[in-house]
Amino acid sequence: YELNYFNNLHTGVVGIGSMLTVKRSCFKNIYYDTFYNEPYRGTAITSVKNNSANATSLTVMPEAFNYITVDSSYRGIYTDGSDLTASYIHILNVRTGVASKNSPLLSINMVTNCTITANHSGIFWNYNPLAKFMYANNNDITIIGSSQGGGFFSVANSGIYMSEFSNGFVQYTATGNTVRMSNAGFGIYAGVLTNAKIKYNDIGMTGSGTGISVSKNINSNISCNVVNGNYSGGSQSSAGIATNNSSNKTTIYCNSTKDTYRGFFFGGACPNTVFKGNEMTNHYDGL
């Protein structure tokens, strides 16, 4: 089949109040231009709501044969008020792979089995309080950041970033992902979430940063993850798994950390935490 090619543009495909499906399409050199003021400028594929639309959705179909969906662009996918399903696609050499906010009431949003290489964030999900589920599963994400935002508590440069403004009923899940990060803040960040599940992820770190960070969560489950760094001695701001100010039976079970300055780190009040079956190898502080 013939492909659609989008090259050297400020935006690729923009759907406003639409039920949009994108398939057999290639996007390259989609640039961010400060002359324009739309929040989705520099994005290959965009889906946003309008005032009259009852339903807005974006489906990005798997690559049917050997091509790359997005390459060398500012952002791969941006949704605001839209359902999202993206699977089995490549988003390479971008600043941000996928960004979503204001997902519709009781919507199920999925980014699965995708390959993303970015210099800031692979998947950036912030403020989706009305959604039912946000799934980031079985993705292969590489984050190579600049020197900025590499600190222990920095939110810049994340493989998967999941955050809300207040604890609600939307459930975030990050399962089975492979994240490789260099000079980055977090492999997976979960902030102000309820019933989040972070399981079976494989995270490799170079330098400072945190493999998995959970902050101000309620009843999160962090299980069966592997975090490996490159710590070999001295002082380094790296941690395998960090939990801060999280409550109501946070479960941290059967995880493995290796070669980070701290293996597991707890900051602030974390009452009723269940911590069992975890393995720590070659750290300055194991726990």
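About the thresholds
Residues numbered from 1 in each chain as written. Predicted model: local features only at pLDDT ≥ 70, side-chain atom pairs only at ≥ 80, totals over all residues. Heavy atoms only, no water. Salt bridge = Lys/Arg side-chain N within 4 Å of Asp/Glu carboxyl O. Helix = DSSP H or I, 4+ residues; strand = E, 2+ residues; numbered from the N terminus. Buried < 20%, exposed > 50% of the residue type's maximum accessible area, 1.4 Å probe, protein only. Pairing = 2+ DSSP bridges. Phe/Tyr/Trp six-rings, centres within 6.5 Å; stacked < 30°, edge-to-face > 60°.

Draft legend 1. Summary view of the pattern of salt bridges. Taken as a whole, this structure holds two salt bridges when the rule is applied. Among the salt bridges present, the one from Asp 202 reaches Arg 180, with a minimum N-O distance of 3.4 Å. You can see Asp 202 sitting in strand S19 (residues 202–206) and its partner Arg 180 sitting in strand S16 (residues 178–182), a full 22 residues away along the chain. In this structure, the salt-bridge partner of Asp 285 is Arg 262, at a minimum N-O distance of 3.9 Å. One end of the pair, Asp 285, is in the segment after strand S28 (279–281); the other, Arg 262, is in strand S26 (residues 262–267), with 23 residues separating them in the sequence. Exposure remark for Arg 262: the relative accessible area of 28% places this residue in the partly exposed category.

Draft legend 2. The pairing of strand S6 (residues 57–60), seen in detail. Note: strand S3 (residues 19–22) against S6, four bridges, orientation parallel. Looking at S6, one finds that Thr 21 is bridged to Thr 59.

Draft legend 3. Representation of the packing of aromatic side chains in the model. The final tally for this structure, using the stated rule, is 14 aromatic pairs. Measuring from centroid to centroid gives 4.9 Å for Tyr 127 and Phe 165, while their planes differ by 25 degrees, and the two rings are stacked. Residue Tyr 127 is located in the loop between strand S11 (115–126) and strand S12 (133–137), and its partner Phe 165 is located in the loop between strand S14 (158–163) and strand S15 (171–175); the two are separated by 38 residues in the primary sequence. In this structure Tyr 127 comes out as partly exposed when scored by relative accessible area, which is 32%. Residues Tyr 161 and Tyr 189 carry aromatic rings whose centres are separated by 4.9 Å and whose planes lie at 15 degrees to one another, so their mutual orientation is stacked. Within this pair, whereas Tyr 161 is found in strand S14, its partner Tyr 189 is found in strand S17 (residues 186–191), the two being separated by 28 residues in sequence. As far as burial versus exposure is concerned, Tyr 161 and Tyr 189 are alike and both buried. Taken together, the aromatic side chains of Phe 124, Tyr 161, Phe 186 and Tyr 189 make up a single cluster linked through ring pairs.

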